[in-house]
Each structure stands twice: as structure tokens, then as C-alpha cells.
Amino acid sequence: MKRVVVGLSGGVDSSVAAFLLKEQGYEVIGLFMKNWHDDSVTISNECPWLEDSNDALLVAEKLGIPFQTVDLSEQYKEKIVDYMFKEYEQGRTPNPDVLCNREIKFDVFMKIALSLGADYVATGHYCRKGEIEVDGKPIYQLLAGKDGNKDQSYFLCQLSQEQLAKSLFPIGELTKPEVREIAMKLDLVTAEKKDSQGLCFIGKVRLPEFLQQQLQPKEGLIYEIDANNSIYNQKQPNFNSLEEQLIFESTSISYSPEDGKVVGKHQGAHYFTIGQRKGLNVGGTKEALFIIATDVKTNAIYTGQGTNHTGLFKKTLKVIPSEVHWIREDLMLKNGETMGVMARIRYRQALQKAALYQFESGLYVSFEEPQSAITEGQFVAWNIGDELVGSGVIS
């Protein structure tokens, strides 16, 4: 009998995942990860992790499976929280959910599970795992979940073949309503629980407030750049090579105060991200202001009016060589090679037609349609059909 450790989060998805595994004849153990216990940053006096671990315990009891809690808060602080602060301080916008899966759930947590004699680790993610043979060796595929609304393969875009080999995604074939229905039939305490919002670890914490407690405020100016600014009408240089053109297209415009007019003040460029419109507190413009660039060195924020402002769009992005990650190592591009893919730069974005170009200087993802708010530090992931084959950090 194969043994599976399920990460029970106290939500409906992982509860049903545990039930399905039991149905399939696995020996199932429920493990709750405690990732956070600094109550000074949670909003409201709810204590989410206590409530969640209690719900996870009740589910385990109902399903008749052993249950324990593991405290990973130290690793969490070091691998996720500290990393996030560092990224924000440098003006990038990290994705905690992708990191949490790569560094915690499918690494630290997986090692604990394997030390308990588990053959697999299972989670309540909406995605599927496929297996094919290449050159006589098994290769694992990360496939989109059946529920188009809830497909979470993007969050797992940094997993490796070794991690996928040991992973199971029991609810990947189901839709959210089907999952809830199973939970209702079983009368699980989590059946009607709302989906958790906020970070995968801190429960109800608002990220900017959380960061503001840690990063020092620093007053700076907000500039508005006119959409007809000559900076957007510069003639393209003649390129000697495709690589030169891609480097040019993926390089962000550097704005300076002379390019715009001052429209307000802010408390620190490192609190803001490209494409953001909330929290600027600047009124009196015809259309809403969106952030088109931040500069943490000069502590300036550059904005433009409306969702169609030229400054929000870019056609090409770059991933530096060390940040390129292939789940399907057998498909990895060599320098000079190219590949047509469908890609996305954020969760829930519809897949976009794009081409990958691999050069010594990095991997370039060039989209057919210019993309809005390509954000440094976030992940780009690329698919072939419904298989996610690779990803990288946007540089």
C-alpha cells in the first residue's frame, strides 16, 4: 500500500484531495504546515492559522486519517519573507505563492513527508500530472486543471522533475463546484469555507501594510508622463541581429523627472508596483493614474493616465540565464534556438501567443500582442497546449 502525505491546509480543496486518495486505496496521512506565527501583522483579531489547523484536524478525524502539525515558520521566514523584503527593497515584485510551492510545500514539506516513509506528497491544487516516456525514461508533465476558472498550474511553474515525480494532485480532474459538492456530501467542516485570500502563509494580511512595518517610509514625488511624450516616438535603431532587437525591446524606458510633471507625493517607491492604481491618492485627472515605472534609487514613481497608456505596454521580456527553469528539461532551448508557445505573466491571465528566443544573454519571451504591466520579479510561464513546460523570473 502506497503512503501519501497530504498537506491539509484547513481548506475545502485539500480536504477533498485527502478523501479521494483514501478512496483510491492509499494510506493517507494529513499534515498541517504552520508557516507563520507573528500575530502582530495579522489584520483583525482572527487567528487564521489556529482556525485552519483546527479545521484540518476535524477533517482528518472525519476521514479517519492520522494528523499532525509541522512548524515551518523558521524556514518560511528565511526562504520567503526575507527574500520578499529584499526583492521589494530593490524595487521588484516577487510572487509569494510560486515561491511558497517551490521552497516550502514541495521542498521542506516534501522532505518531511518522505522522512515519514511517504511515497508521494499530495496537495489541493487544481492541476494535473501526466507521465510520458522520452528515450525510455519517464518524464512528468504539469498539466492545467480541468476547471478553466481555477487552473493553478501557474503557481507550480517552478517545480522540478524530481518534485513532480513525488507529487499527486487528486482534484485536478474536478471543478470547484464538484469539489464543494463532495465536501457537502461528506459533511466536512470545510465544505462551505471561503477560499483563502491573501498570502499563502499569513492568512489575512495586507501585503503593503505588512511590508510597511518592515521597510522604512521615505517621502518622494509622483510624476505623470503624458501619453504623447516624445519618449514614446523615438525612431527604432537599425539592429545588426535579432538578439540586439530583443534586448532593445525588453529594456524598460528609463524616465527622469524632466519627462513629466509632479502630481503628488508618496511614502516610498518600494511599496508600489507597475500597473498599480490604488494607493496613489492623486485626484483631478481625467482618467485614473496607473504606475508605469518606479525608481527605488531616486525614490520616484512615474504614472500615466488610463489603462491604455503607452508606458504600460511592452512586447518583449527577458529572463536572465540563471533564472530560466524548464519543467520539461528535454525541451530546453539551446543558444540560438526558438520555440512558439502560449505564455502568461500573471495568474489568471489568459494565455498569450508568444515566441521564446534563447541566447547567451538570456531567454527572451516576445509576445504577438504587447502586454500590459510586465513586472520585474514576477514569473512568466510558458505552455505547449495545456502543459506548462517552463518558467522564469522577469528581469
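Residues numbered from 1 in each chain as written. Predicted model: local features only at pLDDT ≥ 70, side-chain atom pairs only at ≥ 80, totals over all residues. Heavy atoms only, no water.

1. With respect to unusual backbone geometry
Excluding glycine, residues mostly carry a negative phi; peptide bonds, for their part, are mostly trans.
Phase 1 of the analysis: Unusually for a residue other than glycine, D187 sits at a positive phi of about 60°.
Phase 2 of the analysis: Of note, D187 is situated in the loop between α6 (176-185) and α7 (207-214).
Phase 3 of the analysis: In this structure, A373 is a non-glycine residue whose phi angle is positive, near 55°.
Phase 4 of the analysis: Structurally, A373 can be placed in the loop between β16 (362-372) and β17 (379-384). (Helix = DSSP H or I, 4+ residues; strand = E, 2+ residues; numbered from the N terminus.)

2. A short note on the sheet that holds strand β9 (residues 261-266)
Phase 1 of the analysis: The strand order β9-β8-β11-β10 describes an open sheet built from four strands, whose pairing is mixed. Among the strands making up the open sheet, the edge pair consists of β9 and β10 (289-295). Each strand axis lies, on average, 30° off the axis of its neighbour in the sheet, ignoring direction.
Phase 2 of the analysis: Direction of pairing for strand β8 (residues 220-224) relative to strand β11 (residues 300-305): parallel, over a ladder of three bridges. Within the sheet, the bridge partner assigned to Y223 lies in β11 and is Y302. (Pairing = 2+ DSSP bridges. Axes fitted to C-alpha atoms, helices over the stretch in contact; angles between N-to-C directions.)

3. Focus on the sheet that holds strand β3 (residues 67-71)
Phase 1 of the analysis: One open sheet accounts for five strands, arranged β3-β2-β1-β4-β7; its pairing is parallel. Every interior strand has two partners, whereas the edge strands, β3 and β7 (167-168), have only one.
Phase 2 of the analysis: Alignment of strand β2 (residues 27-34) against β3, held across five bridges, turns out to be parallel. Counted as the bridge partner of F32 is T69 from β3.
Phase 3 of the analysis: Docked against the sheet, helix α4 (residues 96-115) engages β1 (3-7), β2, β3, β4 (120-122) and β7, running at close to 125° with respect to β2. (Contact = heavy atoms within 4.5 Å.)

4. Observations concerning the packing of aromatic side chains
Phase 1 of the analysis: According to the stated counting rule, one finds ten aromatic pairs in the structure shown.
Phase 2 of the analysis: Between the aromatic rings of F155 and Y347, the centroid separation amounts to 4.3 Å while the plane-to-plane angle is 40°, which identifies the pairing as tilted. Note that F155 is positioned in the loop between β6 (137-144) and α5 (161-165) and Y347 in the loop between β14 (338-344) and β15 (352-359), a separation of 192 residues in sequence.
Phase 3 of the analysis: Given the relative accessible area of 23%, Y347 is considered partly exposed. (Phe/Tyr/Trp six-rings, centres within 6.5 Å; stacked < 30°, edge-to-face > 60°. Buried < 20%, exposed > 50% of the residue type's maximum accessible area, 1.4 Å probe, protein only.)

5. Describing the state of the cysteines
Phase 1 of the analysis: The full count for this structure, using the stated rule, is zero disulfides.
Phase 2 of the analysis: Cysteine C127 shares no disulfide, and the gap to the nearest cysteine sulfur, in C157, comes to 11 Å.
Phase 3 of the analysis: When its relative accessible area of 0% is taken as the criterion, C157 is described as buried. (Disulfide = S-S within 2.5 Å.)

6. Notes on α4
Owing to its 3.6 residues per turn, the α-helix aligns residues three or four sequence positions apart on the same side.
Phase 1 of the analysis: Roughly 30° is the biggest bend found in α4, and it falls at F109.
Phase 2 of the analysis: Burial analysis of α4 places 14 of its 20 residues in the buried class, which makes it a mostly covered element.
Phase 3 of the analysis: For α4, the capping residue at the N-terminal end is N95, with a side-chain oxygen 2.9 Å from the backbone nitrogen of D97.
Phase 4 of the analysis: Positive phi appears at G117, one or two residues downstream of α4, with a value of about 80°. (Bend = angle between axes of the 7 residues up to and from the residue. Polar contact = N/O pair within 3.5 Å; in protein donor to acceptor, adjacent residues only side chain to side chain.)

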